[in-house]
Amino acid sequence: MQQFFQQLSDGLVLGALYALIALGYTMVYGIVQLINFAHGEIFMVGAFGGYTLYHYVLPSSLPSGIALLLVLLVAMLTSALLAAFVERVAYRPLRNAPRLAPLITAIGVSIALQESIRLFYPNGSVGKPFPQLFPRGTVDLGGVTLTYVDLFVISLALVLMLTLRTFVFRSATGRAMRATAQDPDTARLMGVDTDRIIVITFVLGGLLAGAAGVLQGMIASPIDFKIGFIAGLKAFTAAVLGGIGNITGAVLGGFTLGIVEALATQYVPNGSALKDSFAFVVLVLVLVFRPTGLLGESVRSRA
Amino acid sequence: MSLLEVRDLRVAYGAIEAIKGISLDVEEGQVVTLIGTNGAGKTTTLRTLSGLLRPVAGQVLFDGARLDKLKAHEIVARGVAHAPEGRRIFPLMTVEENLELGAYSRKGEAIAQDVAEVFERFPRLHERRAQKAGTLSGGEQQMLAIGRALMSRPRLLMLDEPSMGLSPIMIQLIFDTVAELKAAGTTILLVEQNASAALALADTGYVLETGRVVLTGTGPDLLTDENVRKAYLGED
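Conventions used here
Residues numbered from 1 in each chain as written. Chains lettered and ligands numbered in written order. Predicted model: local features only at pLDDT ≥ 70, side-chain atom pairs only at ≥ 80, totals over all residues. Heavy atoms only, no water. Helix = DSSP H or I, 4+ residues; strand = E, 2+ residues; numbered from the N terminus. Rg over C-alpha atoms; globule rule 2.2 N^0.38 Å. Buried < 20%, exposed > 50% of the residue type's maximum accessible area, 1.4 Å probe, protein only. Contact = heavy atoms within 4.5 Å. Salt bridge = Lys/Arg side-chain N within 4 Å of Asp/Glu carboxyl O. pLDDT = per-residue confidence, 0-100. Buried area = accessible area lost by both parts, 1.4 Å probe. Phe/Tyr/Trp six-rings, centres within 6.5 Å; stacked < 30°, edge-to-face > 60°. Expected span 1.5 Å × (residues − 1). Arc of directions from axis to C-beta. Lys, Arg positive; Asp, Glu negative; His and termini not counted. Polar contact = N/O pair within 3.5 Å; in protein donor to acceptor, adjacent residues only side chain to side chain. Pairing = 2+ DSSP bridges. Axes fitted to C-alpha atoms, helices over the stretch in contact; angles between N-to-C directions. Patch = residues over 30% accessible without salt bridge, like charges linked within 9 Å, V, L, I, M, F, W, Y side chains within 5 Å. Areas by Shrake-Rupley, 256 points an atom, 1.4 Å probe, with all protein chains shown as cover.

Colleague: So what about the overall build of chain B? Which residues, and what values?
Modeller: Of the regular secondary structure elements, chain B holds 10 helices and 10 strands. Taken over C-alpha atoms, the radius of gyration comes to 17 Å for chain B, in line with the 18 Å a tight globule of 236 residues would show. For the C-alpha atoms alone, the extent of chain B along its principal axes is close to 45 × 40 × 35 Å. Across the 236 residues that make up chain B, the buried fraction comes to 54%. Summarising the internal contacts of chain B: among those between residues at least 6 apart in sequence, 65% fall at separations of at least 24.

Right under this line is the structure:
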């Protein structure tokens, strides 16, 4: 039983990470009906942004708390700017093209970003040990052991998700985002600059992905140019599981997937060797039995 | 000078020209109606005026300034509101949120007061203010679409088929609303298939056929015009 709860809490940590990345997939899909397959790489480049700041810029005498804060901010900004840049140069010119064109472009952007880091980052084909800036230590909750880092990952993810939720459901810009997702032409008739809203959506997804990049480095150092691929696919699965386009669904899907993965790794024979495959089993099952996802609406009505 | 001047407007969907050179004027405080059958180009005209479609030729002047090169959101900010065909309310948002979105281009100033005014005009919406707009009846959705358009405090209100698909009681209520707005001095460009009700309210009417204006006159004149009666008012 104790082991079960241990796996459950490990699943929560993983799930928090998946949920943060999944939000970027789901928001972008909600607003432009594009699966942004480059989103995993936006997450990866964010992690490299944070690493670069720490490794090349910050003085080593800086207290680790401040360093962590700066690494986090720079990673978030890196991903956000990259997401906005990709939208502007790769997706916006294809706004009215057939659906397949931006999708293939997204895959191209994904490969281009991976290869850029591999080829042009100093010694880019080799993994980078991510700075461990958070105090080491564990807490014992009735036999379940959580590291301080685990708690930090879950707390930061929750704070970011609640902030996003408040923004989307309480602010005027958030309302304009939801309007654009439901009916872009009519949103324009309300005075909404939909191009601007689309950029904001990519930026928000990027901010969360950049934060996830740092968290990934904290729980699974080293980072390399490939980490965006698996993390991106899993987060995409989480978004589909929750119901793509649905923000609450992405969070639910992220945590569900993290927990399924942690439990399956423990309880399925030879599970740890198959660790990365459970997500795709889940994806196949969702697509077969509930293609709209847990919270998805059946069909979007659009005149 | 008219509030809205449209000069030789041409709009095409790909190679097909839907609007083949339309000119019309809307004076401040007037109700102007465009009537005509399906495919005459009424909706296309409104969508072009509000910036959702780009004309291939012609000019749109609003208060003397060109609108035809502006984006839709800039046109709203100039004071042109458009309640689109099919109502197009945001179904997953509450009635109140829909109204607040109508005021998106204004930000801040006295929005709560204007929401209250819409509720006063349409008490049904007040009862349902916290409900998702998608759960409203067709008539209620049309009230919401009109109320939402008014929230931008427009100088020109464009209504596209506000009576479409509604029950006779609702149709009456919607035309009463248009009459009230007219009495209050609102400038309105009204597109309708219900030609008799529209012409009865209108200062000026334009009859459109396959992308061209084929007849113009005052509302009462067109109402009694023999050709109009035959073609659009179902008399033989």
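Colleague: Can you tell me about the overall build of chain A, naming the residues and giving the values?
Modeller: A count of helical and extended segments in chain A gives 11 helices and 2 strands. If you list the helices and strands of chain A from N to C, you get α-α-α-α-β-β-α-α-α-α-α-α-α. Relative to the 2.2 N^0.38 estimate, which gives 19 Å for 303 residues, the radius of gyration of chain A is 19 Å and therefore close to what a compact globule would have. Its C-alpha atoms give chain A principal-axis dimensions of roughly 55 × 45 × 35 Å. Every one of the 303 residues in chain A was classed for burial, and the buried ones make up 53%.

Colleague: Could you give me a rundown of the pattern of salt bridges, with the residues and numbers involved?
Modeller: On inspection of all chains with the given rule, the structure shows 29 salt bridges over all chains. Put simply, B:Arg7 and B:Asp25 hold a salt bridge, and the shortest N to O gap is 3.0 Å. Of the two residues, B:Arg7 sits in strand E1 (residues 4-13) while B:Asp25 sits in strand E2 (residues 16-26), which places them 18 residues apart along the sequence. Residue B:Arg7 is classed as partly exposed on the basis of its relative accessible area of 32%. Each of the salt bridges in this network shares a partner with another, and the network as a whole consists of A:Glu87, A:Arg92, A:Arg95 and A:Asp195.

Colleague: So what's going on with the confidence of the model for chain B? Residues and values would help.
Modeller: With 99% of its residues at a pLDDT of 70 or more, chain B shows a mean pLDDT of 94. By mean pLDDT, helix H10 (residues 226-232) of chain B is the weakest element of chain B at 81, and strand E7 (residues 156-160) of chain B is the strongest at 98.

Colleague: Can you break down the interface of chain B and chain A residue by residue, with the values?
Modeller: Listed per partner, the contact involves 22 residues of chain B and 22 residues of chain A. Buried area between chain B and chain A, both sides added, is near 2,100 Å², and the carbon and sulfur share of it is 59%. Broken down residue by residue, the surface that chain B buries against chain A is led by B:Arg88, B:Phe90 and B:Tyr104, which jointly contribute 31%. Here chain B and chain A share 4 salt bridges between them.

Colleague: Outline the packing of aromatic side chains, listing residues and values.
Modeller: Residues and elements named next belong to chain A. Per the counting criterion, the structure on display carries 7 aromatic pairs over all chains. Centroid distance Tyr25 to Phe236: 5.8 Å. Interplanar angle 55°. Geometry classified as tilted. Here the residue Tyr25 occupies a position in helix H1 (residues 2-32), and Phe236 occupies one in helix H9 (residues 227-242), the gap between them amounting to 211 residues. Each member of the pair, Tyr25 as well as Phe236, is classed as buried. A centroid spacing of 6.5 Å and a plane angle of 55° characterise the contact between Tyr51 and Tyr121, whose relative ring orientation is tilted. Linking Tyr51 in helix H2 (residues 39-57) with Tyr121 in the loop between helix H4 (100-120) and strand E1 (138-141), this pair joins segments that are 70 residues apart in sequence. Among the residues examined, Tyr51 registers a relative accessible area of 6% and is labelled buried. Relative accessible area serves as the criterion here: at 12%, Tyr121 is assigned to the buried category. Every member of this aromatic cluster is reached through a ring pair, and the members are Tyr25, Phe37 and Phe236.

Colleague: Go over the environment of A:Phe4 with me, naming the residues and quoting the values.
Modeller: Tracing the chain through its elements places A:Phe4 in helix H1. For the pair A:Phe4 and A:Ile107, spaced 103 residues apart in sequence, the C-alpha separation works out to 38 Å.

Colleague: Give a description of H4(A) that names residues and reports values.
Modeller: All names here are of chain A. Between its first and last C-alpha, H4 extends 30 Å over 21 residues, near the 30 Å set by a 1.5 Å rise per residue. For H4, the set of buried residues is Pro102, Ala106, Val109, Ser110, Leu113, Gln114 and Ile117. In a view along the axis of H4, the buried residues occupy a sector of 125°, so they form one face of it. Exposed residues pointing more than 90 degrees away from the buried face of H4 are listed as Leu100, Ile104, Leu119 and Phe120. On the buried face of H4, the contacting elements are H2, helix H3 (64-91) and H9.

Colleague: An account of the side chain of B:Glu192 is needed here, citing residue identities and associated values.
Modeller: Residues and elements named next belong to chain B. Following the sequence through the fold, Glu192 ends up in strand E8 (residues 188-192). Within the buried set, Glu192 has no salt-bridge partner at all; the shortest N-O distance to an opposite charge, 8.4 Å, is to Lys42. A polar side-chain atom of Glu192 sits 3.0 Å from the main-chain amide nitrogen of Asn194. Not counting the four nearest positions on each side in its chain, Glu192 is found in contact with Leu34, Ile35, Gly36, Lys42, Glu161, Pro162, Ser163, Phe175 and Ala198.

Colleague: I'd like a description of the sheet that holds E2(B), backed by residues and values.
Modeller: Residue and element names in this part refer to chain B. Here 4 strands make up an open sheet; going across it, the order is E2-E1-E4-E5 and the pairing antiparallel. Two strands in the sheet have a free side with no partner beyond their single neighbour: E2 and strand E5 (65-66). Against the sheet, helix H1 (residues 42-49) contacts E1, E2 and strand E4 (57-62), and its axis sits at roughly 110° relative to E1.

Colleague: I'd like a rundown of the side chain of B:Thr186, residues and numbers included.
Modeller: Residues and elements named next belong to chain B. Along the chain, Thr186 falls in the loop between helix H7 (168-183) and E8. A distance of 2.9 Å separates a polar side-chain atom of Thr186 from the backbone oxygen of Leu181. In this view, Thr186 contacts Gly29, Gln30, Leu157 and Leu181; residues no more than four positions away in its chain are not counted.

Colleague: Can you lay out a nonpolar patch on the surface for me, pointing to particular residues and giving the numbers?
Modeller: Residue and element names in this part refer to chain A. Side chains of Val281, Val284, Leu285, Val288 and Phe289 sit close together on the surface and give an oily, nonpolar patch of about 520 Å² of accessible area. As for its position among the elements, Leu285 is in helix H11 (residues 278-289). According to the relative accessible area criterion, Leu285 is partly exposed, its value standing at 46%.

Colleague: Account for the pairing of strand E10 (residues 212-218) of chain B, with residues named and values stated.
Modeller: Residues and elements named next belong to chain B. Here 6 bridges tie strand E9 (residues 204-209) to E10, and the two strands are oriented antiparallel to one another. Within E10, the residue paired with Gly205 across the bridge is Gly217. Hairpin connection, E9 to E10: the antiparallel pair is bridged by 2 residues, and Thr210 has positive phi, about 35°.

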